[in-house]
Amino acid sequence: MKANILSIAGILLLLFCTSANSQEIADKNSTSHKESVTVSCSPDLYSITSQWASEFNRINPDARIEVINLKDKFIDTDDGENLSFASSMSQPALVTETNWRITVGRDVIVPFINAGNPYLTELMKQGVSQEKFSQVLNDQSKQNWGTLVADGEKTALRIYIVSDETVKAGVARFLQSANIPVAGIIFGTNAEVVSAIQKDPDAIGFCNAVTIMDPGNTGFVADIRILPIDKNGNGTIDYMEDIYSDANSFLRGVWIGKYPKALYSNIYAISKVQPTNETEMAFLTWVLTDGQQLMNSNGYCSLVNSESQSQLNKINPAIVKISQTNDASLTRLVLLIVVMVIILGFVISAVVRRYRKQVNLVPDFNQYTTSFDESSVIVPNGLYFDRAHTWAFMEKDGNIAIGIDDFLQHITGPISRVEMKSPGEKIKKGDLLFSIIQMGKQLNLYAPVSGIIKKQNEALIADSSLINKSPYTEGWVYMIEPSNWLKEIQFLDMAIKYRKWINTEFSRVKDFLAATLKPDSLEYSHEVLQDGGVLKDGILTDFGPEVWDDFQTNFLDTYK
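This one's a predicted model, so the numbers in the text were calculated from it and none came from an experiment. (Residues numbered from 1 in each chain as written. Predicted model: local features only at pLDDT ≥ 70, side-chain atom pairs only at ≥ 80, totals over all residues. Heavy atoms only, no water.)

Q: I keep staring at the overall build of the protein chain and nothing clicks. Help me out?
A: When its secondary structure is counted, the protein chain shows 17 helices and 18 strands. Across the 560 residues in the protein chain, those meeting the buried criterion constitute 48%. Sequence-distant contacts, at least 24 apart, represent 73% of the contacts inside the protein chain between residues at least 6 apart. Total accessible area on the protein chain stands at roughly 27200 Å², and carbon and sulfur atoms take up 53% of it. (Helix = DSSP H or I, 4+ residues; strand = E, 2+ residues; numbered from the N terminus. Buried < 20%, exposed > 50% of the residue type's maximum accessible area, 1.4 Å probe, protein only. Contact = heavy atoms within 4.5 Å. Areas by Shrake-Rupley, 256 points an atom, 1.4 Å probe, with all protein chains shown as cover.)

Here it is in structure tokens:
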């Protein structure tokens, strides 16, 4: 039977090659040309868009990006597949559901204070609400620290704002005012305002966020801290508002909606439809990766890694070009598809049979269940579990099988893709090992042990739902040759201990969701709970990337 299948595939492949011969000759006689793409931008983004284009052209000599500054004109996306760069403030009409767009950067305005401010501890706990900011900026009689904190009446509060139209407009929006107040406010350049706050513990400044961040966006310049904003006005910096500990946490918090929208604007790449031109897609991919290095020098905030990845997922990497459609080309295409399907089916079948023979982790049973509570989560005996929701099992040949636990696959719901490392790569315990993705939303999983990746589960490439159906058998992710197994398993849990710990995870998940949604709201009941008050299976499915990102921080990053 195998011989017959291969014979048929060979005959079809021969027919394809023969029919394609004339086209191949024609292709060889054609001359290559440089592909030129024109992108337009609003005036405020002309400098960085030009730099992006110039650098991309330099490293890709066979492509050409031309930039058009539209000056006072509005960008029109109705003109075919025109690719444009615009901010949500300069071109708000473009930010609609009908236009395709990705975020490539952000312009963020921040209030900041001296790290030696006498009320720093209290300010970090309670923050400052929009209402109190409005009082101190609009009323000179209230420009003392007593307006913001207790026992501060005797200390004068000085206010500095960068003399930049974007910054002043952002502060005015935040104050819900047509214009920024001027009484009692000192204006200056970025350098002047930052220097003034560094010297004055009793002052508040407003500037672009990148002005007070170090070049790597990991910390703040000397003697400076961002002044936390009490977004909901309840007099305390809640869990959902706590984003001010470091620069990376702050930028991530802005992305997922924890910062007032009036104080930032997104920079978008926008088109009427999703780009399919190879050069455009390569350019956008470069902007979201290497091109992020140009953000800070132009006064904008680059994207955090998880956001860059989520935006890259919106760019279609596969393009099929058919320049001419005729009977001959269609015949060749059909023959090629048939050949590839037959060969691919044969290969996948062989691979699956091979892996089923080699992987014998636990008895093979259906792991999927519609209920989701403490009693229904499967925790097989004989496996070692890491509290970042991965497991490890030593095979007879000494290699270690690794995957995710049943609890996590119930939390995420259907997994649409798995991003894996390649065989041969060395990993250490706690390193990023693989990512599970659901329609652009993702969670990163960390290595429970150290070693060398010997094999990845290629069956997951064709069917990532194997993780949901059978996380401990067919849904394994890697085979790893361990380098420190006996020592590292001391930090992992066996089944009995892990079952007890999983019970606490249910409570933590409910607390986490209660902080995200109001527990007494209809939305909470619909999104989170089944009848009887138990958690819904796949509870993260209906939530956006901001909740997934928070889950990553609180349930996976904590134990890496």
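After that view, the rundown keeps rolling.
Q: What is the right way to read the state of the cysteines from this model?
A: Joining two cysteines, a disulfide is a covalent bond between their sulfur atoms. In the structure shown here, the tally under the stated rule is zero disulfides. Unpaired in this structure, Cys301 has its nearest cysteine sulfur neighbour in Cys207, at a distance of 9.9 Å. According to the relative accessible area criterion, Cys301 is buried, its value standing at 2%. (Disulfide = S-S within 2.5 Å.)

Q: Would you take a moment to explain the confidence of the model for the protein chain for this structure?
A: Low-pLDDT stretches of the model should not have their predicted coordinates read in fine detail. Predicted confidence across the protein chain gives a mean pLDDT of 81, with 76% of residues reaching 70 or more. Low pLDDT, under 50, characterises residues 13–33; the predicted model gives this stretch eight contacts beyond four residues in sequence or across chains. Overall, residues 519–526 carries pLDDT values under 50, and its contacts beyond four positions in sequence, including any with other chains, amount to 10 contacts. (pLDDT = per-residue confidence, 0-100.)

Q: Would you mind showing me how to read the sheet that holds strand S12 (residues 400–404) here?
A: Whether parallel or antiparallel, the strands of a sheet pair through hydrogen bonds between backbone atoms. The six strands are arranged S10-S11-S12-S18-S17-S14 in an open sheet whose pairing can be described as antiparallel. At either margin of the open sheet sits one strand with a lone partner, and together these are strand S10 (384–386) and strand S14 (426–427). Pairing geometry for strand S11 (residues 390–394) and S12, over five bridges, is antiparallel. Across the sheet, Phe393 pairs through a bridge with Ala401, a residue of S12. (Pairing = 2+ DSSP bridges.)

Q: Looking at this structure, how should I read the pattern of salt bridges?
A: Where charged atoms from two side chains of opposite charge approach closely, those side chains can pair. The full count for this structure, using the stated rule, is 17 salt bridges. Notably, a salt bridge pairs Arg106 with Glu307, separated by 2.8 Å at the nearest N-O pair. With a gap of 201 residues between them, Arg106 in strand S4 (residues 100–114) and Glu307 in helix H9 (residues 305–312) connect regions that are remote in the sequence. Across the pair, Glu307 and Arg106 agree in class, each one buried. Notably, a salt bridge pairs Arg252 with Asp549, separated by 2.5 Å at the nearest N-O pair. (Salt bridge = Lys/Arg side-chain N within 4 Å of Asp/Glu carboxyl O.)

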